[in-house]
Structure formats: C-alpha cells, structure tokens
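What follows is the residue order along each chain.
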Amino acid sequence: RMYFNPNVAIEGLMYKYGVISTQDMLLDLTDWRYMYVSGRLQKPVRVLQDDPNITTGNDCNLRAALAVALLALGPHFQEGE
C-alpha cells in the first residue's frame, strides 16, 4: 500500500520518503488499517502536499495514540511514565 525508501542520500544527508494513495493513507490514519503510516506519522515528518482531510486524519491518529498510551499506563503511574 505504501512505497517507502528509507535510505536516500541527497547532498550528504540521509532522508526517508514514502508514497501512498490518499485513500489508503486516510484508512490507516483513522482506522489503523495497516498500522504503518499511522505509526510513522506519530513522529515528526515533513508533509510535501497539504490536504485538509489528511490533516484531520492525522489529528485523529495522534489523539487515538495518546488514548492508547494513557490506557496502557494503568490506574497508577508516575508523571515521568
């Protein structure tokens, strides 16, 4: 569903990039269909083509990831966890 190249050297710097259809990206961001793009977008990325639907989907993805992380902590945890 996604074409991903993790080792691209440009002017001495290493880059990663991926190409995916908008439909597949939205499915992964909102439903965690493939658990690939949704996981990668929980880290800092540079978006080359802005799309309001993708922005909304990514916001949904980040909120869901936060909810899962908080649930995984259990009822008692320290602030540093």
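Q: Just give me the short version of a nonpolar patch on the surface, but keep the residues and values in it.
A: Taken together, Tyr3, Tyr17 and Val19 make up a surface patch of nonpolar side chains, about 370 Å² in accessible area. Its place among the elements puts Tyr17 in strand S2 (residues 13–20).

Q: Describe helix H1 (residues 22–31), and please don't skip the residues or the numbers.
A: Within the span of H1, buried status applies to Asp24, Met25, Asp28 and Leu29. What you see down the axis of H1 is that its buried residues fit within an arc of 130°, all on one side. For H1, the elements touching its buried residues are S2, helix H2 (37–40) and helix H3 (52–73). Downstream of H1 by a residue or two, Trp32 has a phi angle that is positive, lying close to 50°.

Q: Give a detailed account of the pairing of S2, specifying residues and quantitative values.
A: With 7 bridges connecting them, strand S1 (residues 2–10) and S2 associate as antiparallel partners. Of the residues in S2, the one forming a bridge with Met2 is Ile20. The turn joining S1 and S2, which pair antiparallel and follow one another in sequence, is formed by 2 residues; a positive phi near 50° is taken by Glu11.

Q: I'd like a description of unusual backbone geometry, backed by residues and values.
A: Of note, Glu11 is a non-glycine position whose phi angle comes to about 50°, a positive value. The topology assignment puts Glu11 in the loop between S1 and S2. Under the relative-accessibility criterion, Glu11 is labelled exposed at 82%. One non-glycine residue, Met35, adopts positive backbone phi at about 55°. Its place among the elements puts Met35 in the loop between H1 and H2.

Criteria and thresholds
Residues numbered from 1 in each chain as written. Predicted model: local features only at pLDDT ≥ 70, side-chain atom pairs only at ≥ 80, totals over all residues. Heavy atoms only, no water. Patch = residues over 30% accessible without salt bridge, like charges linked within 9 Å, V, L, I, M, F, W, Y side chains within 5 Å. Areas by Shrake-Rupley, 256 points an atom, 1.4 Å probe, with all protein chains shown as cover. Salt bridge = Lys/Arg side-chain N within 4 Å of Asp/Glu carboxyl O. Helix = DSSP H or I, 4+ residues; strand = E, 2+ residues; numbered from the N terminus. Buried < 20%, exposed > 50% of the residue type's maximum accessible area, 1.4 Å probe, protein only. Arc of directions from axis to C-beta. Contact = heavy atoms within 4.5 Å. Pairing = 2+ DSSP bridges.

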